[in-house]
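Next come the chains, spelled out residue by residue.
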Amino acid sequence: MKVKDVMSAQIVTVSPSDTAQSAARLMLETDVGALPVEVPGVGAIVGIITDRDIVLSVLARGLSTSTTIAEFMTVSPEVCNEQDDTDAVADRMRERGVRRLVVVNADHRVVGIVSLVDLSSDEPEKEKWQ
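Under an unreviewed UniProt entry, the name given to the protein chain is CBS domain-containing protein, and the organism recorded is Shinella sedimenti.

If you want it as structure tokens, here you go:
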């Protein structure tokens, strides 16, 4: 099975200059827990942020909600291609200890996010996460 068959389609991204608050609002509006960080006008993925990043890196440290995403994002996130095999992607995620990967197409444009939950529903009879 291919990643494109199980991923969550997502075309919503944020810019490194956006704020933690604007990212949190966007997450609420779009009902997602992670957003790829993209250079505006270029399309290059330079990072990723999660709802957990906002809580632990901004709020728990007493930083302002106007803190820019560039200050707390995960730089150079792991990505995979929409045509990649789900088993290979699951193995890579386990090896690197990540729960989500940004999914790109052949043109390196963001087309979604794949999570451990997406991959575990691929073959529920397998005990992939042990």
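Asker: Whenever I open this one, the pattern of salt bridges confuses me. Can you help?
Answerer: Opposite charge on two side chains permits pairing when their charged atoms draw close. With the rule as written, the count across this model stands at 3 salt bridges. Among the ionic pairs, R92 bridges to E78, the shortest N-O distance being 3.9 Å. Here R92, found in helix α3 (residues 86-96), pairs with E78, found in the loop between β4 (74-75) and β5 (79-81); they are 14 residues apart in sequence, far enough to count as distant. Taking the shortest distance from any N to any O, the salt bridge between E78 and R96 comes out at 3.3 Å. Note that E78 is positioned in the loop between β4 and β5 and R96 in helix α3, a separation of 18 residues in sequence. The partly exposed category is assigned to E78, whose relative accessible area is 29%.

Asker: Just to check I follow, could you spell out unusual backbone geometry for this structure?
Answerer: Backbone phi values are negative for most residues with the exception of glycine, while trans is the configuration of most peptide bonds. Non-glycine residue D31 carries a positive phi angle of around 55°. Structurally, the position occupied by D31 is in the loop between α1 (20-30) and β2 (34-38). A residue is classified by how much of its surface remains accessible, and D31, at 71% relative accessible area, is exposed. One non-glycine residue, S76, lies in the positive phi region at around 50°. Position of S76 relative to the elements: it lies in the loop between β4 and β5.

Asker: I keep staring at a nonpolar patch on the surface and nothing clicks. Help me out?
Answerer: Taken together, the side chains of V55, L56 and L59 present a nonpolar region at the surface, about 250 Å² in accessible area. Looking at the secondary structure, you find V55 in helix α2 (residues 51-59). A residue is classified by how much of its surface remains accessible, and V55, at 44% relative accessible area, is partly exposed.

Asker: For this particular structure, what's the right way to read the UniProt feature "domain: CBS" (unreviewed entry) in the protein chain?
Answerer: Annotation from UniProt places "domain: CBS" (unreviewed entry) at residues 7-65 and 73-130. For the annotated span residues 7-65, helix accounts for 34% and strand for 22% of the residues, and the straight-line distance between the end C-alpha atoms is 30 Å.

Asker: Would you mind showing me how to read the confidence of the model for the protein chain here?
Answerer: Detailed reading of the predicted coordinates is not advisable wherever pLDDT falls low. In the predicted model, the protein chain carries a mean pLDDT of 89, and the fraction of residues at 70 or more is 92%. Predicted confidence in the protein chain is weakest over helix α4 (residues 116-120), with a mean pLDDT of 87, and strongest over α1, with 96. Low pLDDT, under 50, characterises residues 124-130; the stretch is placed with 11 contacts to residues that sit more than four places away or in other chains.

Reading the values: the criteria
Residues numbered from 1 in each chain as written. Predicted model: local features only at pLDDT ≥ 70, side-chain atom pairs only at ≥ 80, totals over all residues. Heavy atoms only, no water. Salt bridge = Lys/Arg side-chain N within 4 Å of Asp/Glu carboxyl O. Helix = DSSP H or I, 4+ residues; strand = E, 2+ residues; numbered from the N terminus. Buried < 20%, exposed > 50% of the residue type's maximum accessible area, 1.4 Å probe, protein only. Patch = residues over 30% accessible without salt bridge, like charges linked within 9 Å, V, L, I, M, F, W, Y side chains within 5 Å. Areas by Shrake-Rupley, 256 points an atom, 1.4 Å probe, with all protein chains shown as cover. UniProt positions renumbered as here; feature names shortened; annotations may be inferred. pLDDT = per-residue confidence, 0-100. Contact = heavy atoms within 4.5 Å.

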